[in-house]
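Residues per chain, in single letters:
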Amino acid sequence: MTGIEAGKTWSRIGAEVAPTSSAASGVWGSLNEVSGYVGAGTWPSPPVHMEWIAELTPDGTSTTVEFTSVPGTYKYLRLVMASATRASSGIGMMVYYNSDTNVANYGWQSMYNLAGGGPSAVVGATANPGWDLPDDEVAHMTWDIANYADSSVGTNCLFQGSGDGSQPLIVGGSGYAVNAAVTEVKVISGSTTSNFYFQTGTTFNLYGIGKAA
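The structure displayed is predicted, hence computed values, not measured ones.

What counts and how
- Residues numbered from 1 in each chain as written.
- Predicted model: local features only at pLDDT ≥ 70, side-chain atom pairs only at ≥ 80, totals over all residues.
- Heavy atoms only, no water.
- Helix = DSSP H or I, 4+ residues; strand = E, 2+ residues; numbered from the N terminus.
- Buried < 20%, exposed > 50% of the residue type's maximum accessible area, 1.4 Å probe, protein only.
- Contact = heavy atoms within 4.5 Å.
- Areas by Shrake-Rupley, 256 points an atom, 1.4 Å probe, with all protein chains shown as cover.
- Pairing = 2+ DSSP bridges.
- Axes fitted to C-alpha atoms, helices over the stretch in contact; angles between N-to-C directions.
- Phe/Tyr/Trp six-rings, centres within 6.5 Å; stacked < 30°, edge-to-face > 60°.
- Salt bridge = Lys/Arg side-chain N within 4 Å of Asp/Glu carboxyl O.

Novice: Is there a simple way to explain the overall build of the chain in this structure?
Specialist: Of regular secondary structure, the chain possesses 1 helix and 11 strands. Written out in order from the N terminus, the α and β elements of the chain read α-β-β-β-β-β-β-β-β-β-β-β. By residue count, 33% of the 213 residues in the chain fall in the buried class. Taking contacts inside the chain between residues at least 6 apart in sequence as the whole, the part at least 24 apart equals 71%. Here the chain has roughly 11400 Å² of accessible surface; of this, 54% comes from carbon and sulfur atoms.

Novice: Honestly, the sheet that holds strand E4 (residues 93-97) in this entry has me stumped. Any pointers?
Specialist: The strands that make up a sheet are held in pairs by hydrogen bonds between backbone atoms, and each pair lies either parallel or antiparallel. The strand order E2-E10-E4 describes an open sheet built from 3 strands, whose pairing is antiparallel. In the strand order of this sheet, the two ends are held by strand E2 (64-67) and E4, each with one partner. Sheet twist, expressed as the mean angle between neighbouring strand axes with direction ignored, is 15 degrees. Relative to strand E10 (residues 185-189), E2 runs antiparallel, the two sharing 4 bridges. When the sheet's bridge partners are listed, Val65 is paired in E10 with Val187.

Novice: Explain the packing of aromatic side chains here, please?
Specialist: For any pair of aromatic rings, geometry is given as the distance between the ring centres together with the angle between the planes. Counted under the stated rule, the structure contains 5 aromatic pairs. Aromatic pair Tyr96 and Tyr106: ring centres 5.6 Å apart, planes at 65 degrees, arrangement edge-to-face. Of the two residues, Tyr96 sits in strand E4 while Tyr106 sits in the loop between E4 and strand E5 (109-115), which places them 10 residues apart along the sequence. Overall, the relative accessible area of 7% leaves Tyr96 in the buried class.

Novice: What's the story with unusual backbone geometry in this structure? I'm lost.
Specialist: The phi torsion of most residues other than glycine is negative, and most of the peptide bonds are trans. Not every positive phi belongs to a glycine, and Ser83 is a case in point at roughly 55 degrees. Within the secondary structure, Ser83 is located in strand E3 (residues 74-84). What makes Ser83 partly exposed here is its relative accessible area of 34%. Although it is not a glycine, Asn98 adopts a positive phi angle of roughly 55 degrees. Topologically, Asn98 is positioned in the loop between E4 and E5.

Novice: Help me understand the pattern of salt bridges in this model?
Specialist: Once their charged atoms are close, side chains differing in charge can pair, the charge on each being opposite to the other. As enumerated under the stated definition, the model contains 2 salt bridges in all. Here Lys186 makes a salt bridge to Glu66, at a shortest N to O gap of 3.9 Å. Within this pair, whereas Lys186 is found in strand E10, its partner Glu66 is found in strand E2, the two being separated by 120 residues in sequence. A relative accessible area of 14% means that Lys186 is categorised as buried.

Here is the structure:
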């Protein structure tokens, strides 16, 4: 067996096979070559499980939180509200898509209060996913949004939330009856008065889950 002669250009072991987004067989010895394939989008990458997209932190001067230019590269979206407070209670929140505030487009909402001896259902027509924030507790809520990037079907949403005190666990779901890809997600308090501004310390984080087919 002879050694590699000095000054010789390296060569890949085995037949040359161009990489794809799912496989790069062979032995690759040039970082520049690998970098070029990565830049071209033809180098395989680990599967996407959940990726953080953006965070919004209210400053106490608005009733609205809006994520714009949402990428359509995931199967699902997850919106997480944490440590949320407002000065007053009695008014719920709404989640809108693509700045569409026509509540008739959001169908029915089913919400269950998992407290006491069993769940009690609250079902309303022309409602979209929302929940009232108590004025004396910190509240948390998660929305899981499916079909969001598919322009041929409507979008559905499952949600759950609770407070850090006496508030029970709330779970529910609703649908968006418009066949359109969702590129904007907006959370709005049901009243525009200052008592219902999202207070400082509240956070909203948007995540993408899985790769779109």
